[in-house]
Amino acid sequence: MEKKEILPMKSNLIGELNLILLNVPESLKPIEKAYWLYNKAGHIFSYDYRVADNIKIADKEIDFENNSSDYYQTCIQMSYLLSLMFNNIEGLEARVIPRRIPTRGMHAAGRDHVAVELHELETHKKYIVDLSLDLFQIQSGMITEHFCREEYAHSKDIEDNPKYSTLSKSDCIRLDKVTGINVTGKYMNDIIYSAKREILEIYKNDFDADIVKIGFEKVSQIMAGKVFKGHLEGKQFVGRVLSSLFSDIGIDYQEFNLYYKDSERIVTLFYVRQSAGEKFILYSNDNGLIYSSRDGVSSMLRMGWSTRSNSLASLLENQKKHL
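Residues numbered from 1 in each chain as written. Predicted model: local features only at pLDDT ≥ 70, side-chain atom pairs only at ≥ 80, totals over all residues. Heavy atoms only, no water.

Here we come to the sheet that holds strand 9 (residues 288-292). On the basis of which strands lie adjacent, the open sheet formed by 5 strands has the order 9-8-7-6-10 and antiparallel pairing. Strands at the two margins of the open sheet, each flanked by one partner only, are strand 9 and strand 10 (305-307). Between one strand and the next, the sheet's axes are offset by a mean angle of 35°, whatever the strand orientation. Of the strand pairs in this sheet, strand 8 (residues 277-284) and strand 9 are connected by 5 bridges, and their pairing is antiparallel. Opposite Ile 281, over in strand 9, you have Tyr 291 as the bridge partner. Across the sheet, helix 8 (residues 231-246) lies against strand 6 (253-260), strand 7 (266-274), strand 8 and strand 9, angled at about 15° from strand 7, the strand it touches most. (Pairing = 2+ DSSP bridges. Helix = DSSP H or I, 4+ residues; strand = E, 2+ residues; numbered from the N terminus. Axes fitted to C-alpha atoms, helices over the stretch in contact; angles between N-to-C directions. Contact = heavy atoms within 4.5 Å.)

On to the pattern of salt bridges. Enumeration over the complete set of coordinates arrives at 19 salt bridges. Among the ionic pairs, Asp 48 bridges to Lys 60, the shortest N-O distance being 2.9 Å. Taken together, the residues span a long stretch of sequence, with Asp 48 in the loop between strand 1 (46-47) and strand 2 (72-73) and Lys 60 in the loop between strand 1 and strand 2 at a distance of 12 residues. The class for Asp 48 is buried, based on a relative accessible area of 2%. When its relative accessible area of 25% is taken as the criterion, Lys 60 is described as partly exposed. Here Lys 196 makes a salt bridge to Asp 248, at a shortest N to O gap of 3.0 Å. In this pair, Lys 196 is assigned in helix 6 (residues 188-205) and Asp 248 in the loop between helix 8 and strand 6, connecting sequence segments 52 residues apart. Exposure remark for Asp 248: the relative accessible area of 51% places this residue in the exposed category. Residues participating in the shared-partner salt-bridge network are Asp 48, Arg 50, Lys 60, Asp 70 and Glu 264. (Salt bridge = Lys/Arg side-chain N within 4 Å of Asp/Glu carboxyl O. Buried < 20%, exposed > 50% of the residue type's maximum accessible area, 1.4 Å probe, protein only.)

Attention now moves to the confidence of the model for the protein. Reading fine detail from the predicted coordinates is not recommended where pLDDT is low. Per-residue confidence for the protein gives a mean pLDDT of 89, with 92% of residues at or over 70. Per-element confidence in the protein is highest for helix 2 (residues 30-42), whose mean pLDDT is 98, and lowest for helix 10 (residues 310-322), whose mean pLDDT is 71. (pLDDT = per-residue confidence, 0-100.)

Our focus in this paragraph is the packing of aromatic side chains. Per the stated rule, a full pass over the model turns up 8 aromatic pairs. Ring centres of Tyr 38 and Phe 147 lie 5.0 Å apart, and the angle between their planes is 55°; on these two criteria the pair is classed as tilted. A residue pair is termed long-range when its members are at least 10 positions apart, and Tyr 38 in helix 2 and Phe 147 in the loop between helix 4 (135-140) and helix 5 (169-179) qualify at 109 residues. With respect to class, Tyr 38 is no different from Phe 147; both count as buried. Taken together, the ring pairs connect Tyr 35, Tyr 38 and Phe 147 into an aromatic cluster. (Phe/Tyr/Trp six-rings, centres within 6.5 Å; stacked < 30°, edge-to-face > 60°.)

Turning to unusual backbone geometry, a few remarks are in order. Look at Cys 148: it is not a glycine, yet its phi comes out positive at around 60°. Residue position: Cys 148 is located in the loop between helix 4 and helix 5. On the basis of relative accessible area, Cys 148 is assigned to the buried category, the value being 0%.

The subject of this paragraph is the sheet that holds strand 3 (residues 92-99). Taken in spatial order, the 3 strands line up as 3-4-5 in an open sheet, and their pairing is antiparallel. Each edge of the open sheet carries a strand with a single partner, namely strand 3 and strand 5 (125-129). Adjacent strand axes in the sheet meet at a mean angle of 30°, parallel and antiparallel pairs treated alike. Of the strand pairs in this sheet, strand 3 and strand 4 (residues 113-120) are connected by 8 bridges, and their pairing is antiparallel.

Of all hydrophobic cores here, the largest spans 46 residues; its most connected members are Leu 17, Phe 45, Leu 82, Phe 86, Leu 118, Val 129 and Phe 147. Those elements giving two or more residues to this core turn out to be helix 1 (13-21), helix 2, helix 3 (75-86), strand 3, strand 4, strand 5, helix 4 and helix 5. Element by element, the count of residues in this core is highest for helix 2, at 7 residues. Sequence-distant contacts of Leu 118, defined by excluding residues within four places in its chain, comprise Ile 31, Ala 34, Phe 86, Leu 92, Glu 93, Ala 94, Lys 125, Lys 126, Tyr 127, Val 129 and Phe 147. Among the nonpolar cores identified, the runner-up in size contains 27 residues, and Met 142, Ile 211, Ile 251 and Phe 270 belong to it. (Core = buried A, V, L, I, M, F, W, Y, C linked by side-chain atoms within 4.5 Å.)

Between its first and last C-alpha, helix 6 extends 26 Å over 18 residues, near the 26 Å set by a 1.5 Å rise per residue. Residues of helix 6 that are buried: Met 188, Ile 192, Ala 195, Lys 196, Ile 199 and Leu 200. The arc that holds every buried residue of helix 6, seen down its axis, measures 140°, which confines them to one face. Exposed side of helix 6, more than 90 degrees from the buried face: Arg 197, Lys 204 and Asn 205 are the residues found there. Looking at the buried side of helix 6, the elements it contacts are helix 4, helix 7 (211-223) and helix 8. (Expected span 1.5 Å × (residues − 1). Arc of directions from axis to C-beta.)

For the rest of this paragraph, the subject is the pairing of strand 7. Of all the 9 residues making up strand 7, 8 are buried; the element is thus mostly covered by neighbouring parts of the structure. The sheet contact formed by strand 6 and strand 7 spans 7 bridges and is antiparallel. From the neighbouring strand, Phe 256 faces strand 7, where its bridge partner is Leu 269. As consecutive antiparallel partners, strand 6 and strand 7 are separated by 5 residues, and within that stretch Lys 261 has a phi angle of approximately 50°, a positive value. With 7 bridges joining them, strand 7 and strand 8 adopt antiparallel strand pairing. Pairing of Tyr 271 across the sheet is with Phe 280, part of strand 8.

Next comes the structure, spelled out in structure tokens:
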């Protein structure tokens, strides 16, 4: 019997967005409906990091008719689709606006970042909603940081910078409860903060402790069972946890992205150096965190892996000279 070619499964982006739009809880107020949609959409998208190397990705169009668009989109497509959904909610108006803020990806490719301006008609308040920056928070169970939380669309040094209304952190916690997104009031932020306090206690009381190793063990525990839509969201979450655990004790880390041959998939290397030694930790969306070494990373670079960072090879060579 002739074997049939197994084709990759087609994405169902439009169907998934349509599903949540048609099933918004009717009992909610307009801003609550927007928050519900925002969070549900945050589990559907993944940011298309390839835009940093190929600006044409920012211009790709959504195929509504054939439902063939994939889940990997830039802030342009996410904001456009989110504004379409918001405009289907009575009492709301939305439009896409440019944002000039320090971001990677779109900004690196020479384009302004974009977000959604959300107008609540009853109160006449206008908010900034920026889903692409909130994906890893939503997918990890953290409190959202970019749903109506920011006063300005642009960096502070930009002229003609209109001021927007904002919601507080407690407002978003209330929205979580009333929409059913999070009725427990428990967030990943609390788990990270608890781990941070443990790390600080160890650092203060045990000068011989390998804080970086202990820190990454904490990251592994926190990451257990976590599922992210794409690599970038997972990598951003790891970075956020590391920054939280190490920032108060003066330990910095570096990130390097590694690619295997012609694959567009990324593995991120987190490099940390302190008095107790150096640590090489690899993160991939498929395998989570993997401990490596200087020799391991060097071998990877000889065996088909590459990086667009000029500093990694230099870092490895300089370390070799000092050993």
